[in-house]
Amino acid sequence: MSLFGVDSTVSSASLGASAPAVPATHPSAPIPVQGAPLGKSVRVPLGESGFDVFPLILGGAEFGWNVDLESSHDILDAYLELGGNAVHTADSFAGGRSEHIIGQWLSSRGLRDEVVLAVRIGGHPDNPGLGPVNLVRAVEASLTRLGTDRIDVLYLDAVADSTTALEDTLATAEWLIEAGKARALGAVGYTAAQLVEARIFASAGYPRITVLDVPFNVLRRHEFDSDLRLVAGAQGMAVTPSHALEHGFLSGRHRTRIRGSLSVRGAQLAASLNRRGTRTLRALDAVGAELGVPDAAVAVAWLLAQKIVTAPIVNAYAPAHVEELVQGVGVRLSRSQLADIARASE
């Protein structure tokens, strides 16, 4: 008799001679990994936004531009499998194609409630700027492209609009939040004085700006304005630096100029191909060799070592790049390593 109370001879007869044999697992075969990835337990508060995120936000700047839909979805899948839960895009990325791609991924995977979705608004040519009418129309258009009913973190892009009164923008953002179309506010391109003004408006009932995006990395460490840094720290803002790899240069993959390249990316990389950039890559090489991680991971670890940084925004061209970048979350640089990198990048 079997464990289920069925005679074994009867069971075999009923199965028939053609029943396929189940191959035995070799004793040395790897044990399959089951359950949630380790990274899923790694979360940090995104300032006072109310969200907890993986300390590395996947950016969608390349989606629909240098990376097609299928490859973009592979990159997003790889990020999710490693424990990531925050995705950033903008209404201006690839004319909105980045939003379409991310929206299709969220829908096909059924992940909308599991992913913190951050969108920068203000740069799309159809609804430029942060004026009340265009801001509402831009958010509605982004929601349509993303196939969702809400944006978790709405980044207001002041780089695209330096004329609209801050009070008008915040009043519109208040309506968007009350309507459930946005959950929290971020800022891009605002000055320290504007952030102080925004906090004064917040004390009068307007929504608070709780997240700040600045272009910041080891090569741009002196460009993070001291006043802006002071205000962000005093207000408890979550800083999510963009350009974490300086257009890919800090990954260490691009060390020589590409002859005849007139592309935007080629020009961006060429700007870092100088003595300072070379010294910095050598420092990243040395630290990476010491720790057994790629340069991209060291660049991410350097950002996370800055106390004011919550989660860098990183872009990737392939799933393998995501794996390199995520390694930086688990790296802790020593004081001497940080000093070596700082000296090289002077």
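All residue numbers refer to positions counted from 1 along the written sequence of the respective chain. Reporting of local features is limited, given that this is a predicted model, to residues whose pLDDT is at least 70; pairs of side-chain atoms are given and counted only at 80 or more, and all residues count toward the totals for whole chains, interfaces and linings. Neither water nor hydrogens contribute to the side-chain values; these are computed over all heavy atoms in the structure.

### Here we look at the pattern of salt bridges
The condition that has to hold: For this analysis, a salt bridge means a side-chain nitrogen from Lys or Arg found within 4 Å of a carboxyl oxygen belonging to Asp or Glu. A run of DSSP states H or I qualifies as a helix once it reaches four residues; a run of E qualifies as a strand once it reaches two. Both are numbered from the N-terminal end. Accessible area is worked out with a 1.4 Å probe on protein chains only. A residue is then buried under 20% of its type maximum, exposed over 50%, and partly exposed in between.
All told, the structure shown has 13 salt bridges when counted by the stated rule. Taking the shortest distance from any N to any O, the salt bridge between arginine 208 and glutamate 48 comes out at 2.9 Å. In this pair, arginine 208 is assigned in the loop between helix H6 (192-203) and strand S8 (209-213) and glutamate 48 in the loop between strand S1 (44-45) and strand S2 (52-53), connecting sequence segments 160 residues apart. Judged by its relative accessible area of 47%, glutamate 48 is partly exposed. In this structure, aspartate 157 and arginine 120 form a salt bridge, with 3.5 Å as the shortest nitrogen-oxygen distance.

### Considerations on the pairing of strand S4 (residues 86-90)
The line we're drawing: For two strands to count as paired, DSSP must find a minimum of two bridges between them. For the handedness criterion, the strands are oriented away from the viewer, and a crossover whose path from the first strand over the helix to the second runs clockwise is classed as right-handed.
Most of S4 is tucked away, with five of its five residues classed as buried. Burial of S4 is two-sided: the residues Ala86, His88 and Ala90 facing one way and the residues Val87 and Thr89 facing the other way are all buried. Where strand S3 (residues 57-59) lies against S4, two bridges are found, and the strand directions are parallel. Bridging from a neighbouring strand, glycine 59 pairs with histidine 88 of S4. The β-α-β motif built from S3, the intervening helix H2 (residues 69-81) and the parallel element S4 has right-handed crossover chirality. Summarising the sheet, S4 and strand S5 (residues 116-121) pair through five bridges and their orientation is parallel. The residue bridging threonine 89 from the neighbouring strand is valine 119, located in S5. For the crossover that starts at S4, traverses helix H3 (residues 97-109) and ends in the parallel S5, the hand is right-handed.

### What about the environment of aspartate 149?
Our working rule: In this analysis, two residues are considered to be in contact whenever any of their non-hydrogen atoms come within 4.5 Å of each other. In protein, a polar contact means a hydrogen-donor-capable atom and an acceptor-capable atom, both N or O and within 3.5 Å, with residues adjacent in sequence counting only if both atoms are side-chain atoms; elsewhere, any N or O pair within 3.5 Å suffices.
Considering the arrangement of structural elements, one finds aspartate 149 in the loop between helix H4 (132-146) and strand S6 (151-157). It is 6.2 Å that separates the C-alpha atoms of aspartate 149 and lysine 181, two residues lying 32 residues apart in sequence. Those residues in contact with aspartate 149, other than ones at most four positions away along the chain, are Leu143, Gly180 and Lys181. A distance of 3.0 Å separates polar atoms of two side chains, one belonging to aspartate 149 and the other to arginine 150.

### A look at the pairing of S5
Regular strands place their side chains on alternate faces of the sheet. Summarising burial for S5: six of the six residues are buried, a large majority. Going residue by residue along S5, you find Val116, Ala118 and Arg120 tucked away on one face and Leu117, Val119 and Ile121 tucked away on the opposite face as well. Bridge count for S5 against S6 is four bridges, and the pairing is parallel. Bridged to isoleucine 121 within S6 is leucine 156. Chirality of the crossover, the property in question, places the unit of S5, H4 and S6 among those that are right-handed.

Any functional reading would require information beyond the geometric quantities listed.
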